[in-house]
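What follows is the residue order along each chain.
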Amino acid sequence: MITGSLQTDSPSLYSKLKRLFTISEISEFEASYQVISKEPKIRSENGWREKGVNFNPKPARILEILLECGITSKGTLLTALETLSDHETQASPEPNIRLALILDAIRHLSYQQTPQENYQHLKSEFIALQETFSNSPNLNRKLLDKVHSAFRLYQKFS
């Protein structure tokens, strides 16, 4: 169950943020996470999980992915949270956020009812993103490699 507290819902992420940001900055993450965690699509996203099983909510997973790849810009991380809002109508223009969302979706395909359809959609989005930003110095290569690897693993085991 999502509580709306980043410290409670994702202690690991909270700990990482504490090492990188001031208390004031962490409160910005907490406030943004609290708003996003109330979104119906975030709450319903975890409906397939068994009761009592611990899990990392999607907003926390996206931030974890970005941090794992060395993306520590407060602005990028907060934008990633905002991108998950039900009120956000467009995909993030930030390619690294889009890659993190694709990676998270690939990792959770096996829990979906139509994984092959979603796989094809994700693959198309990834190819388009690569073509658009292939020469961009802002595209995180480590994140790009993780997405490539996730696609290969999914194909291998599906």
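Residues numbered from 1 in each chain as written. Predicted model: local features only at pLDDT ≥ 70, side-chain atom pairs only at ≥ 80, totals over all residues. Heavy atoms only, no water.

1. Structural notes on the packing of aromatic side chains
This is how it is decided: Stacked, tilted and edge-to-face are the three classes applied to pairs of Phe, Tyr and Trp rings, where Trp contributes its six-membered ring and a pair requires centres within 6.5 Å; stacked means planes under 30 degrees apart, edge-to-face means over 60, and tilted covers the rest.
The full count for this structure, using the stated rule, is 4 aromatic pairs. An aromatic cluster is built from Tyr119, Phe126, Phe151 and Tyr154, whose rings are joined through pairwise contacts.

2. Observations concerning the confidence of the model for the chain
Any segment with low pLDDT has predicted coordinates that should not be analysed in fine detail. Rules: One number per residue, pLDDT, summarises how confident the predictor is, and it ranges from 0 to 100. Starting at the N terminus, helices and strands are each numbered in turn, a helix being any DSSP run of H or I of at least four residues and a strand any DSSP run of E of at least two.
Confidence in the prediction for the chain averages 85 pLDDT; 83% of positions are at 70 or higher. Within the chain, the element-level pLDDT minimum falls on helix α4 (residues 40-45), averaging 66, and the maximum on helix α2 (residues 11-20), averaging 97.

3. Thoughts on the pattern of salt bridges
Note the cut-off: Salt bridges are counted wherever a side-chain nitrogen of Lys or Arg sits within 4 Å of a carboxyl oxygen of Asp or Glu. Three labels apply to residues, based on accessible area from a 1.4 Å probe with only protein chains included: buried if under 20% of the type maximum, exposed if over 50%, partly exposed otherwise in between.
Evaluation of the coordinates by the stated rule reveals 4 salt bridges. Between Lys74 and Glu28 there is a salt bridge whose closest N-O contact spans 3.0 Å. Placement of Lys74 in helix α6 (residues 74-83) and of Glu28 in helix α3 (residues 23-36) is noted, with a sequence separation of 46 residues between them. According to the relative accessible area criterion, Glu28 is partly exposed, its value standing at 33%.

4. Here's the deal with the nonpolar core
Worth spelling out the cut-off: What makes a nonpolar core is a set of buried Ala, Val, Leu, Ile, Met, Phe, Trp, Tyr and Cys residues whose side-chain atoms join them at distances within 4.5 Å. Every residue pair with non-hydrogen atoms within 4.5 Å of one another is taken to be in contact.
In terms of nonpolar packing, the biggest core is built from 45 residues, with Phe29 and Leu66 touching the most fellow members. For this core, the secondary structure elements donating two or more residues are α2, α3, α5 (58-68), α6, α7 (95-107), α8 (115-133) and α9 (141-157). By residue number, the principal contributor to this core is α7, which donates 8 residues. Once residues within four sequence positions are removed from consideration, Phe29 is found in contact with Leu6, Leu17, Phe21, Leu63, Lys74, Leu77, Leu78 and Leu81.

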